[in-house]
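Chain by chain, the residues run as shown.
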Amino acid sequence: MKIIPANLNKRESHELFMSAIVPRPIAFVSTVGEDGIFNLAPFSCFTSLCLKPALICLSIGWKRDGKKKDTLRNIEFTKDFVINVVDESLGEPMHLASFEFPSDVDEFKEVGLTPKKSDRVKAPRVAESPVNMECELIRVLEFGEIPSGCHVIIGKVVLVHVKDELWSVDHIIISKFKPLGRLGEELYCRAAEIFEMKESLKFFI
Ligand SMILES: Cc1cc2nc3c(=O)[nH]c(=O)nc-3n(C[C@H](O)[C@H](O)[C@H](O)COP(=O)(O)O)c2cc1C
């Protein structure tokens, strides 16, 4: 099978790449709007970009009606956001928060999660999340046409909160963390079988 992405429509392209680039981490992004309403939504086109400065990026598509998603509108307004990492216990509220709620709905209330004041940014963080990254907006890049294109958000992580029980010396204990990953279709995965390859770090740092 050989596939030329330029020949695919948006749905076909989504199915191909979302089932080929797996598993993806899930950024559960909390923001606050111009009206003071809190917003929450998951984004799995998300990764770490750079260590120093600590940069992350995520990609936000258009709504079906060609309007900007609330997360993007809020980030453009406050110039900040929080990435809340998703563990197994947050799976259901995270999935629920992906539904297209009207902009005037507080999605924390809607999915039953607790907003906590952030230290360095206006956006609230999710109290139940094991790791929160407070981010300042660095750049918004726009690609493609409406509604098939996207905006890429680059953020600088200015503060990370990690639950004490997950922390050991200089890292998060993965076996206690239980992160959830996103696959294609409506599928998710757990980090159920973890193994080590010695010496691999020396190629990166
Ligand atoms: C696990 C998961 C991952 C998602 N990843 C993305 C993504 O990377 N980019 C995107 O635009 N939408 C993604 N979505 C869809 C958004 O969460 C959805 O459009 C949401 O309604 C946006 O909310 P907002 O308008 O409040 O920002 C994802 C949904 C789920 C369930």
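Keep in mind it's a predicted model, so treat the numbers as computed, not measured. (Residues numbered from 1 in each chain as written. Predicted model: local features only at pLDDT ≥ 70, side-chain atom pairs only at ≥ 80, totals over all residues. Heavy atoms only, no water.)

1. Topic: the sheet that holds strand β1 (residues 24–25)
Stated formally: Strands were regarded as paired on the criterion that DSSP finds at least two bridges between them. Counting from the N terminus, the helices are DSSP H or I runs at least four residues long and the strands are E runs at least two residues long.
The three strands lie next to each other as β1-β13-β14, forming an open sheet whose pairing is antiparallel. At either end of the open sheet lies a strand with only one pairing partner, and these are β1 and β14 (188–190). Pairing analysis gives three bridges linking strand β13 (residues 180–182) to β14, with the strands arranged antiparallel. What sits directly across from R182, in β14, is Y188.

2. Brief notes about the side chain of N84
Threshold: Should any heavy atoms of two residues lie within 4.5 Å, those residues are considered in contact.
Take N84: it is sitting in strand β6 (residues 80–85). With residues up to four places along the chain from it excluded, the contact list for N84 reads I26, A27, F28, V29, S30, L40, R125, V126, S129, V131 and N132.

3. Digging into the pattern of salt bridges
Note the threshold: A pairing counts as a salt bridge when a side-chain nitrogen of Lys or Arg comes within 4 Å of a carboxyl oxygen of Asp or Glu. The classification of residues rests on relative accessible area computed with a 1.4 Å probe and restricted to protein chains. Under 20% of the type maximum is buried, over 50% is exposed, and intermediate values are partly exposed.
Evaluated as defined, the whole model comprises seven salt bridges. For K198, the salt bridge is made with E196, and the minimal N-O distance between the two is 3.5 Å. Given a relative accessible area of 65%, K198 falls into the exposed group. Classification of E196 by relative accessible area gives exposed; the value is 60%. Bridged by salt links that share partners, the residues K63, D70 and R73 form one connected network.

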